[in-house]
Amino acid sequence: MTAPAPGEFPENAEEALDIYEANDFDVAELRDSDSVWILDGHLACPNLYFDGEAWDTTIETQKLEPLEFDDEQLVYLRKAQELLGLDNEGPATLTYP
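Now for a look at the structure at hand.

Rules behind the numbers
- Residues numbered from 1 in each chain as written.
- Predicted model: local features only at pLDDT ≥ 70, side-chain atom pairs only at ≥ 80, totals over all residues.
- Heavy atoms only, no water.
- Core = buried A, V, L, I, M, F, W, Y, C linked by side-chain atoms within 4.5 Å.
- Buried < 20%, exposed > 50% of the residue type's maximum accessible area, 1.4 Å probe, protein only.
- Helix = DSSP H or I, 4+ residues; strand = E, 2+ residues; numbered from the N terminus.
- Contact = heavy atoms within 4.5 Å.
- Phe/Tyr/Trp six-rings, centres within 6.5 Å; stacked < 30°, edge-to-face > 60°.

1. Details of the nonpolar core
Here comes step 1: Counting 8 residues, the largest nonpolar core is built from Ala-13, Ala-16, Leu-17, Tyr-20, Val-27, Leu-30, Ile-38 and Leu-39.
Here comes step 2: Top element by residues in this core is helix α1 (residues 13–22). It accounts for 4 residues.

Structure, rendered in structure tokens:
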């Protein structure tokens, strides 16, 4: 998913919606939307996870200042996963990134 500048329509919205649809999300209404926030929090992924590899990929792809990954910072994510009955494994049908 490409994050556009604030107020700009995401160029790859259709591709992102195709991925959601392939994973059983209903995106029919979103496909008709012309909102710049078309991909903003409308859908939730049951594969809520994060790790050092995801961190490094985020830093690299977003061209951010490198920061050390601290596994202890994930305490809230792990608690959310526990409450939802999830683990920290990546999606089985989608590759990351």
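2. So, the environment of Ala-13
Here comes step 1: Positionally, Ala-13 belongs in helix α1.
Here comes step 2: In this structure the C-alpha to C-alpha distance between Ala-13 and Ile-38, which are 25 residues apart in sequence, comes to 7.5 Å.
Here comes step 3: Setting aside residues up to four positions removed in sequence, Ala-13 forms contacts with Ile-38 and Leu-39.

3. Observations concerning unusual backbone geometry
Here comes step 1: Despite not being glycine, Lys-63 shows a phi value in the positive range, around 55°.
Here comes step 2: Along the polypeptide, Lys-63 turns up in the loop between α3 (52–61) and α4 (75–84).

4. Looking at the packing of aromatic side chains
Here comes step 1: Counted under the stated rule, the structure contains 2 aromatic pairs.
Here comes step 2: An angle of 80° between the planes, with centres 5.8 Å apart, marks the rings of Tyr-20 and Phe-25 as edge-to-face.
Here comes step 3: Classification of Tyr-20 as buried rests on a relative accessible area of 18%.
Here comes step 4: Owing to a relative accessible area of 21%, Phe-25 belongs among the partly exposed residues under this scheme.
Here comes step 5: Residues Trp-55 and Phe-69 carry aromatic rings whose centres are separated by 5.8 Å and whose planes lie at 55° to one another, so their mutual orientation is tilted. Of this pair, Trp-55 sits in helix α3 while Phe-69 sits in the loop between α3 and α4, placing them 14 residues apart in sequence.

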